[in-house]
Amino acid sequence: MVEYSLINFKVRGDHSGSLVALEKGEEFPFDIKRVYYIYGTQRDIVRGKHSHRKLEQVIICTSGSCDFILDNGKERTTVHLDKPYQGLYIKHNIWREFTNFSSDCVVMVLASEHYDESDYIRDYNQFLETLK
Ligand code: TYD
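Everything quoted here is computed from the prediction, not taken from an experiment.

A. Quick peek at the pairing of strand β7 (residues 66–71). A large share of β7 lies buried, amounting to six of its six residues. Neither face of β7 is exposed, since C66, F68 and L70 on one face and D67, I69 and D71 on the opposite face are all buried. Between β7 and strand β8 (residues 76–81), which pair antiparallel in sequence order, lie four residues; one of them, G73, sits at a positive phi of approximately 95°. Two strands pair when backbone bridges link them, and β7 and strand β10 (residues 95–99) are joined in this way by five bridges, in the antiparallel orientation. Residue pairing across strands places I69 opposite E97, the latter belonging to β10.

B. View of the sheet that holds β10. The strand order across the open sheet formed by five strands is β8-β7-β10-β5-β12, and the pairing between neighbours is antiparallel. Edge positions in the open sheet fall to β8 and β12 (120–121), since each of these has one partner strand only. By the bridge criterion, six bridges tie β7 to β8 in an arrangement that is antiparallel. Residue pairing for β8: D67 is matched across the bridge by H80.

C. Local environment of unusual backbone geometry. The backbone phi angle of N93 is positive, close to 60°, even though this residue is not glycine. Given the relative accessible area of 25%, N93 is considered partly exposed.

D. View of the packing of aromatic side chains. One pass over the structure, following the stated rule, counts 10 aromatic pairs. By the ring-pair criterion, three or more aromatic residues cluster together here, those being F9, F28, F30 and Y89.

E. Representation of the site of the ligand. For the ligand, the full set of nearby residues is R34, Y36, I38, R47, G48, H50, F98, Y115, Y120 and R122. Backbone polar atom of G48 to an oxygen atom of the ligand: 3.2 Å apart, as the coordinates give it. Residue R122 places a side-chain N or O atom 3.2 Å away from an oxygen atom belonging to the ligand. When the free accessible area of the ligand is taken as 540 Å², the share hidden by the protein chains comes to 59%. For the shell around the ligand, the secondary-structure elements that each account for two or more residues are β4 (34–39) and β5 (47–52). Grouping the constituent residues of the shell around the ligand by class yields five nonpolar, two polar and three charged.

F. Seen up close, the sheet that holds β4. Reading across the sheet, the five strands line up as β1-β9-β6-β11-β4 and stay open at both edges, with antiparallel pairing between neighbours. This sheet does not close on itself; its edge strands, each paired only once, are β1 (5–8) and β4. Geometrically, the sheet is characterised by an average inter-axis angle of 25° between neighbouring strands, direction not taken into account. Bridge count between strand β6 (residues 57–63) and strand β11 (residues 106–111): six bridges; the pairing is antiparallel. Within β11, the residue paired with Q57 across the bridge is A111.

Calculation notes
Residues numbered from 1 in each chain as written. Predicted model: local features only at pLDDT ≥ 70, side-chain atom pairs only at ≥ 80, totals over all residues. Heavy atoms only, no water. Buried < 20%, exposed > 50% of the residue type's maximum accessible area, 1.4 Å probe, protein only. Helix = DSSP H or I, 4+ residues; strand = E, 2+ residues; numbered from the N terminus. Pairing = 2+ DSSP bridges. Phe/Tyr/Trp six-rings, centres within 6.5 Å; stacked < 30°, edge-to-face > 60°. Near = heavy atom within 4 Å. Polar contact = N/O pair within 3.5 Å; in protein donor to acceptor, adjacent residues only side chain to side chain. Areas by Shrake-Rupley, 256 points an atom, 1.4 Å probe, with all protein chains shown as cover. Nonpolar A, V, L, I, M, F, W, Y, C, P; charged D, E, K, R; others polar. Axes fitted to C-alpha atoms, helices over the stretch in contact; angles between N-to-C directions.

As C-alpha cells, then:
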C-alpha cells in the first residue's frame, strides 16, 4: 500500500460561502513553512516526477481537479483531487507525478520545510536506490 492520507478539513460555511482555515493542530499535521501553488497547467502536462528525502506536504486542489500518481517503489496508486476542503497528505520517499489538469485547476501545496533543491530526488532510478 502506498502511504498517504486524505484529510477532510472543517468547512465554516454560511450563506456567504465557505471558508477553510488551516493551522497546525488536530487536523493539520505539521508547522507550515512554505506555500506554493500551481495553475494554468495544460491537461496532459505531467508535473512533479520527483520524491523528497525529508519534506512532508499537504496538497489541496482549491479549484478544479487533477490526478496525483503516487509511487512507493513497489506500487502505484492514483488519487483524484477535486474538493477544495480535502488535503492529500504525503511524507518523504513517495515518487509523485500529477496530471489530468482541468482548465480551472489550482493546486496549492503546504510544505513542512523551506525550498531546498538538495531534498529532491528527480531521477526515478535514484529514488529506487534510496529505498534499499
Ligand atoms: P518543480 O519542482 O520542477 O515543479 P513541479 O514539480 O511542480 O513540476 O519547480 C519548478 C521551478 O520552481 C523550479 O525551478 C524550482 C522552483 N521552485 C521554487 O523556487 N520554490 C519552490 O517552493 C518550488 C516548489 C519550486
